[in-house]
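This is what each chain is made of:
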Amino acid sequence: MAQIILNNVSFSYQYFQSISGGLFKSNAGLQSNLALTGFNLTIENGDRVALLGKNGAGKSTLLKTIAGVIKPELGEVNTTGTVYSFFGRNVGVMPQLSGYENLKVRGLLLDLSDKKIESSIKDIAAFTELGDDLFRPVSTYSQGMKARLTFGMLMFVDADILLIDEGLAAGDQFFIEKAQVFVEDLLDNSKILIFASHSPPLLRRFCTKAILIDNGCVVKFGEFDEVMNLYNQNI
Amino acid sequence: MNFINDIKDGFRRRRLWKRLAELELKSRYQGTFIGVFWVILTLMLKVGMLSLIYSMVLDKDIKEYVLFLAIGVLTWNFISAAIINSSSIFIKAGNFLQQMKLPHSIFVFQNIYKESIILFLYQLFAIPLVLFIKGVDFVSMVWLWSLLGYGIIILNAFFASMWLGWLSVRFRDVQPLLSSVVMILFLVTPVLWPPPEKFADSLYFVLNPFFHLLELIRAPILTNEIPYMSFIVSTAFLLINILICALFYNKVKDRLVLWL
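Note that the structure is a prediction, hence the values are computed from the model and not measured.

S.K.: Explain the overall build of chain B to me, please; I cannot follow it from the model alone.
M.R.: When you go through chain B residue by residue, the secondary structure sums to 13 helices and zero strands. Put simply, chain B runs from its N terminus to its C terminus through helices and strands in the order α-α-α-α-α-α-α-α-α-α-α-α-α. Expected size for 260 residues packed as a compact globule is a radius of gyration near 18 Å; at 19 Å, chain B falls within 12% of this value. Dimensions of chain B, computed from the C-alpha atoms along their principal axes, are close to 55 × 45 × 35 Å. Excluding contacts between residues fewer than 6 apart, the proportion of contacts in chain B whose partners are at least 24 apart in sequence is 77%. By element, 69% of the accessible surface of chain B is carried by carbon and sulfur atoms, the whole surface being about 13,100 Å². The positive charge centre, built from 23 side chains, and the negative charge centre, built from 15, are 13 Å apart in chain B.

Right, dumping it as structure tokens:
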């Protein structure tokens, strides 16, 4: 039974300021940027939620907070269920390593047993249909092949909560349809998916609900089409 | 205590950091024919050239001096690499740390394991060298103390690289500073030269923990002596490093990912 509750969560990023200015100008010192303010949200079993918002609204921050990567300054986050997070377009660990080896390292990152890693990789290899390309370095892959491998990484774990942040580039049509079938099979009623993407077709395929975020606050959380229309109106 | 749990959880994930360490080493020598064995060849070249010149400069018998130099240089290489690499261990792991919650110690284990593999490879040159020059009779039970010595050095490197790693992420000045500090330490620590008898009790040596770390290995092997003073100083140094990590762990653990 998966569930995510955020209660009055606030969080600021800290960053080193830009290295602009002359050669002798110091760029030390941390700056602060408010990313989430008084954020309240409850996501239940079976929800497949699209994260909508313009760039810088707070989508990635929200996902990282739910994943436990960052801890809020104020408020609390309660997640029930195992979390599998997949952020960023970095397909794997090392580009000079083969797709197969990258999958193995990802399995180790997820703390899976050797047996589970091997059997999962077999399933992934069959699904992505990369064949012998799986044994070539990832640096030699085309964008589409990288997209397939990226999606393959999602297949590792039956997590209760799946968090994806812009990590799915569009593969070819055939693969997208295959992926949708997979996601639908994977997400039975006791799972949660939260998916941030700027591709409305992808979101439409995978999600039933949506959250619109702006300036670190929830604007609307509801049925997919309703929130999507609001998002489109505000652009 | 959370700090101890972090290390326990990190150690439990050893399949991961062992693999990451091996991949790091392999990628360093990617495309070369002899691969990781460059580590031994580089050491041989360094020790060979230095012993030729410095045995003249210091007016020492080359057969004795090359042993002193080999053991000192390889131990120093381990220590300096652990220190200098510590400034980047968490920065390199930024991708992982920003995707999922992971014990920090995984990346410290990775760095130390990698350096330990190199240390082991060095022995493939050093031990035959000692046996070749001194003969098999030279081996003695006292050498086992140097194993304990390596243990203390490795533990020191583990905890020191943990807090230096944190410091380097938060204060980016630390990375360039470390390179300079290690260079200066190399010049003032008896690595290439033994302390002159006249000044053997000088505080510059007695208070230098790195001198003692080197003596943990050199003394048992070269002079069949157990360096009790060095064991005391090195263990005290270890306790200080552990204390620094334990004190700062709670402050750092949630904030580290934000500084990356």
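S.K.: In this structure, what is going on with the sheet that holds strand E4 (residues 74–80) of chain A? I would like to understand it.
M.R.: Two strands in a sheet stick together by hydrogen bonds in their backbones, pointing the same way (parallel) or opposite ways (antiparallel). Residues and elements named next belong to chain A. Pairing is antiparallel across the open sheet formed by three strands, whose spatial order is E2-E1-E4. Of all strands in the sheet, those bounded by a partner on one side alone are strand E2 (30–43) and E4. Across the sheet, the mean angle separating the axes of adjacent strands is 30° when strand polarity is ignored. The strands touched by helix H1 (residues 59–67) within the sheet are strand E1 (3–16), E2 and E4, with E1 carrying the most contacts at an inclination of about 115°.

S.K.: Please clarify how the interface of chain A and chain B should be interpreted in this entry.
M.R.: Quite often, the size of an interface is put as the accessible area lost when its parts meet. Taken together, the contact pairs 29 residues of chain A with 25 residues of chain B. Between chain A and chain B the total buried area reaches about 2,500 Å² when both faces are included, carbon and sulfur atoms providing 55% of it. On the chain A side of the interface with chain B, the three residues burying the most area are A:Phe16, A:Leu108 and A:Leu109, jointly 24% of the side's total. Counting across the interface, chain A meets chain B through five salt bridges. Among the ionic pairs, B:Arg13 bridges to A:Asp111, the shortest N-O distance being 3.3 Å. Counting the contacts that link chain A with chain B gives ten residue pairs in polar contact (both at pLDDT 80 or more). Broken down by element, the side of chain A that touches chain B gets its largest block of residues, five residues, from helix H2 (residues 99–109) of chain A.

So, how was this worked out
Residues numbered from 1 in each chain as written. Chains lettered and ligands numbered in written order. Predicted model: local features only at pLDDT ≥ 70, side-chain atom pairs only at ≥ 80, totals over all residues. Heavy atoms only, no water. Helix = DSSP H or I, 4+ residues; strand = E, 2+ residues; numbered from the N terminus. Rg over C-alpha atoms; globule rule 2.2 N^0.38 Å. Contact = heavy atoms within 4.5 Å. Areas by Shrake-Rupley, 256 points an atom, 1.4 Å probe, with all protein chains shown as cover. Lys, Arg positive; Asp, Glu negative; His and termini not counted. Charge placed at Lys NZ, Arg CZ, Asp CG, Glu CD. Pairing = 2+ DSSP bridges. Axes fitted to C-alpha atoms, helices over the stretch in contact; angles between N-to-C directions. Buried area = accessible area lost by both parts, 1.4 Å probe. Salt bridge = Lys/Arg side-chain N within 4 Å of Asp/Glu carboxyl O. Polar contact = N/O pair within 3.5 Å; in protein donor to acceptor, adjacent residues only side chain to side chain.

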